[in-house]
Amino acid sequence: MKKLTPYLLPLLLASCQPNPEPTATPPDSYRGYQGPAPAPPESQPTLALTFDDGSTTDILDYPFTEWNAMILDALAAEDLQATFFVTGANKRDDKGRYLLQSWSDAGHQIANHSFTHANFGAETATAADLRRELAQTDAILADYAGYTKLFRFPYLKEGNTPKKIAAYRAVLAEAGYRNGYVTIDASDWYVNGELIANLREKGMDSPDLKTYRTFYLQHLLDRATYYDDLAYELTGRHVPHTLLLHHNLTSALFVDDLIDTLRIEGWDLIDSREAFSDTLYTLVPSTERAGESLIWSLAKAAGTYEDRLRYPAEDSRYEEGKLRALGL
């Protein structure tokens with residue numbers, strides 16, 4: 001992997017808000033950066049798994065408790081702990097409480113993903129909306145052992161104006177929350193929807209299942225490599241990434257294969273607590289460059305990656321043609 005420059009973080013200084021209380025003196029390569037000193041370089045690509053939403057519905061022939069257990073069992077088999085960013089609206093009944101308890105009992109972090117999965121990038125969204133949704137879900141999660149004050153913006157949309165983004169950040173700070181950044185984004189949700197439609201039409205023994213599995217694994221590996229390349233050029237190291245997956249059927253069916261594939265391809269998988277403790281996650285992109293993956297935001301702020309960045313960073317429009325080319 002080619003490192004284009006020693007470090008590009010100094011270029012981001014005008015676009016990142018510094019940590020007001022540095023915990024260490026930055027090395028010369030980060031001269032001017034006022035945040036904590038960077039961690040030493042990782043020796044290989046590294047990531048942690050995170051999951052979003054938290055569905056409590058049966059999927060095709062899979063009862064909710066069964067497909068949820070498939071994900072938890074796959075993580076337990078590999079001794080991996082993840083962070084589960086959940087919406088609160090469907091967590092107040094018995095199924096919702098069962099879901100939260102099952103993940104908390106397994107040692108995973110339980111974090112906030114709003115109450116209704118609101119789009120805070122919408123014109124009509126306000127800081128008052130975020131304050132209300134944050135508090136509603138926080139009240140539901142607070143009694144679980146895995147409870148942690150990380151918030152992930154639904155759709156990774158942190159706001160649509162600098163003023164609104166700043167207001168949102170103030171709300172999180174007032175509540176003692178940190179942004180639960182994604183560094184590797186993807187479109188597993190789209191593959192999941194397409195797979196379910198196929199199985200509904202052709203049955204659970206659909207001959208296309210293997211093709212969907214292969215596509216899913218290749219897609220996620222491609223996105224992981226893309227964001228790690230960007231991160232390496234920006235920071236001079238393989239940062240501990242947070243991969244965004246969803247709590248859905250593709251995770252239930254394929255996450256064990258994904259873990260195997262990543263390791264075969266040279267990735268080190270770590271617990272999400274370890275990843276989020278890295279100094280990378282103290283960086284705060286400028287309000288003009290917020291949203292999407294944290295790596296996307298930092299690369300956008302650097303101003304030298306326009307030919308490699310797209311908006312939205314990830315979406316079904318980029319994957320639909322590839323699936324159709326496979327006859328799916």
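In short, a report on the structure.

About the criteria used
- Residues numbered from 1 in each chain as written.
- Predicted model: local features only at pLDDT ≥ 70, side-chain atom pairs only at ≥ 80, totals over all residues.
- Heavy atoms only, no water.
- Helix = DSSP H or I, 4+ residues; strand = E, 2+ residues; numbered from the N terminus.
- Buried < 20%, exposed > 50% of the residue type's maximum accessible area, 1.4 Å probe, protein only.
- Polar contact = N/O pair within 3.5 Å; in protein donor to acceptor, adjacent residues only side chain to side chain.
- Expected span 1.5 Å × (residues − 1).
- Contact = heavy atoms within 4.5 Å.
- Core = buried A, V, L, I, M, F, W, Y, C linked by side-chain atoms within 4.5 Å.
- Axes fitted to C-alpha atoms, helices over the stretch in contact; angles between N-to-C directions.
- Parallel < 35°, antiparallel > 145°, perpendicular 65-115°, else oblique.
- Left-handed = near helix turned anticlockwise from the far one by under 90°.
- Nonpolar A, V, L, I, M, F, W, Y, C, P; charged D, E, K, R; others polar.

### Let's talk about the side chain of Glu 233
Here comes step 1: Inspection of the secondary structure puts Glu 233 in helix H6 (residues 209–235).
Here comes step 2: You can call Glu 233 buried: its relative accessible area is 6%.
Here comes step 3: At 3.0 Å, the side chain of Glu 233 and the side chain of Arg 308 are in polar contact.

### Remarks on helix H4 (residues 162–174)
Here comes step 1: Under the 1.5 Å per step criterion, the end-to-end length of H4 is 18 Å for 13 residues, consistent within 8% with the ideal 18 Å.
Here comes step 2: On its buried face, H4 sits against helix H3 (127–141) and strand E4 (147–151).
Here comes step 3: Of the residues flanking the end of H4, it is Gly 176, one or two places downstream, whose phi is positive at about 75°.

### Re the environment of Glu 320
Here comes step 1: Structurally, Glu 320 can be placed in helix H10 (residues 316–325).
Here comes step 2: A residue is classified by how much of its surface remains accessible, and Glu 320, at 38% relative accessible area, is partly exposed.
Here comes step 3: Separated by 126 residues in the primary sequence, Glu 320 and Glu 194 have C-alpha atoms spaced 9.5 Å apart.

### Considering the nonpolar core
Here comes step 1: Grouped together as the largest cluster of nonpolar side chains are 74 residues, with contacts concentrated most on Leu 49, Phe 51, Trp 103 and Leu 245.
Here comes step 2: Considering each element in turn, this core owes the most residues, 12 residues, to H6.
Here comes step 3: When residues no more than four places from it in sequence are discounted, the contact partners of Trp 103 are Phe 51, Asn 68, Ile 71, Leu 72, Leu 75, Phe 84, His 108, Ile 110 and His 247.
Here comes step 4: By size, the runner-up hydrophobic cluster in this structure holds 11 residues, among which are Ala 118, Phe 120, Leu 130 and Tyr 177.

### Regarding the packing of helix H5 (residues 188–202) against H10
Here comes step 1: Two numbers describe how H5 lies on H10: the axes approach to 9 Å, and their chain directions differ by 45°. As the angle between them shows, H5 and H10 are arranged oblique. Regarding H5 and H10, the two cross each other, and that crossing is right-handed. Residue-level inspection shows Trp 189, Tyr 190 and Glu 194 of H5 in contact with H10, the latter providing Ser 316, Glu 319, Glu 320, Leu 323 and Arg 324.
Here comes step 2: Along the lines of polarity and charge, the residues of the contact of H5 with H10 split into 3 nonpolar, 1 polar and 4 charged.

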